[in-house]
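# Structure at a glance
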Amino acid sequence: KKLASGADAIVLDVKTGDGAFMKTLEDSVALAEAMVSIGKLAGKKMAAIISEMDQPLGYAVGNVLEVKEAIETLKGNGPSDLVELVLVLGSHMVVMAEKANTLEEARKRLEASLKDGSAFETFKKFIVAQGGLEDEVLNPEKLPVANYIDDVICEEDGFVSKIQTEEIGRISLLLGGGRETKESKIDLAVGIVLKKKYGDKVSKGEALAEIHANDLE
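Overview of the structure. Model, not experiment: these values are computed from the prediction.

Our next topic: the pairing of strand S6 (residues 191-194). Of the two faces of S6, the one holding Gly-191 and Val-193 and the one holding Ile-192 and Leu-194 are both buried throughout. With two bridges connecting them, strand S3 (residues 60-61) and S6 associate as antiparallel partners. Bridging from a neighbouring strand, Ala-60 pairs with Val-193 of S6. By the bridge criterion, four bridges tie S6 to strand S8 (residues 207-213) in an arrangement that is antiparallel. The residue of S8 that forms the bridge with Gly-191 is His-212.

Next up on the list: the side chain of Thr-16. Considering the arrangement of structural elements, one finds Thr-16 in strand S1 (residues 9-16). Among the residues examined, Thr-16 registers a relative accessible area of 11% and is labelled buried. Within the structure, Thr-16 has its side chain in polar contact with the backbone nitrogen of Leu-25 (distance 3.4 Å). Sequence-distant contacts of Thr-16, that is, excluding residues within four places in its chain, are made with Met-22, Lys-23, Thr-24, Leu-25, Ser-28, Ile-50, Ser-51, Glu-52, Met-53 and Asp-54.

Let us now look at the nonpolar core. With nine residues, the main nonpolar core is built from Ile-71, Leu-74, Val-83, Leu-87, Leu-114, Ala-119, Phe-120, Phe-123 and Val-137. With residues up to four places along the chain from it excluded, the contact list for Ala-119 reads Leu-74, Ser-113 and Leu-114. Among the nonpolar cores identified, the runner-up in size contains seven residues, and Val-61, Ile-168, Leu-194 and Ala-209 belong to it.

Counting buried residues along S8, five of its seven residues qualify, which places the element largely inside the surrounding structure. Relative to S8, strand S4 (residues 148-153) runs antiparallel, the two sharing six bridges. By the bridge assignment for S8, Ile-153 is matched with Ala-207.

The first and last C-alpha atoms of helix H1 (residues 25-41) sit 24 Å apart over 17 residues, in line with the 24 Å expected at 1.5 Å per residue. If you check which residues of H1 are buried, you get Ser-28, Ala-32, Val-36 and Gly-39. Considered in projection along H1, the buried side chains sweep an arc of 65° and stay on one side of the axis. What points out from H1, more than 90 degrees from its buried face, is the exposed set Glu-26, Glu-33, Ile-38 and Leu-41.

So, about the sheet that holds S6. The strand order S3-S6-S8-S4 describes an open sheet built from four strands, whose pairing is antiparallel. In this open sheet, the two edge strands, each paired with only one partner strand, are S3 and S4. On the sheet, helix H7 (residues 165-177) packs against S3, S6 and S8 and is oriented at approximately 140° with respect to S6.

Right, let's talk about helix H5 (residues 118-129) for a bit. Across its twelve residues, H5 extends 16 Å between first and last C-alpha, which sits within 8% of the 16 Å expected from 1.5 Å per residue. Where H5 is concerned, the buried positions are Ala-119, Phe-120, Phe-123 and Lys-124. Along the axis of H5, the buried residues cluster in a sector spanning 140°; they form a single face. Away from its buried face, by an angle of more than 90 degrees, H5 presents the exposed residues Lys-125 and Ala-129.

About the criteria used
- Residues numbered from 1 in each chain as written.
- Predicted model: local features only at pLDDT ≥ 70, side-chain atom pairs only at ≥ 80, totals over all residues.
- Heavy atoms only, no water.
- Buried < 20%, exposed > 50% of the residue type's maximum accessible area, 1.4 Å probe, protein only.
- Helix = DSSP H or I, 4+ residues; strand = E, 2+ residues; numbered from the N terminus.
- Pairing = 2+ DSSP bridges.
- Polar contact = N/O pair within 3.5 Å; in protein donor to acceptor, adjacent residues only side chain to side chain.
- Contact = heavy atoms within 4.5 Å.
- Core = buried A, V, L, I, M, F, W, Y, C linked by side-chain atoms within 4.5 Å.
- Expected span 1.5 Å × (residues − 1).
- Arc of directions from axis to C-beta.
- Axes fitted to C-alpha atoms, helices over the stretch in contact; angles between N-to-C directions.

Any functional reading would require information that these geometric values do not contain.
Rendered as structure tokens:
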């Protein structure tokens, strides 16, 4: 699909872990090497970054929820893990596009674009060019909101030792956030917002996650 789009340079984000297609690092490396090799044989500049998927990237899982998180990220207020991955992938893209000589130089340019607001301004232009509404980018609270929003409460004190990423994806699917069949209609408003990530301390009665649903059944 990437080759068919006509790109001259391609940076791949190959996931590894519980929520990824490839569950082990060894399999993820093999997949990355194969895809890079295919791209180079097609005459493309290629790079692959392997990133972990043992927990969701950022906090939001679901269409509108992720859009809102992306908007906050472009304003410079994004989750640290999401920002880091974007900067790593983006730095390789900038170098491969010959807009910077080194990854360090490219990263500084990207960081500056987040701080000065130019990244967000470019995002708005992309949305408008594709028929989207600038007003919804400027006021994301106008995007669809689920009818029911409820917390998943922790039952004891402790630390988050594991996040079942694949199961969270399945829950989002069952809520209507994805297609079970090609005929399924996607509900843009539903999904899950994590309140805690791997390693975080949590107290009894505290929210672990927030469920956004339009159907209580």
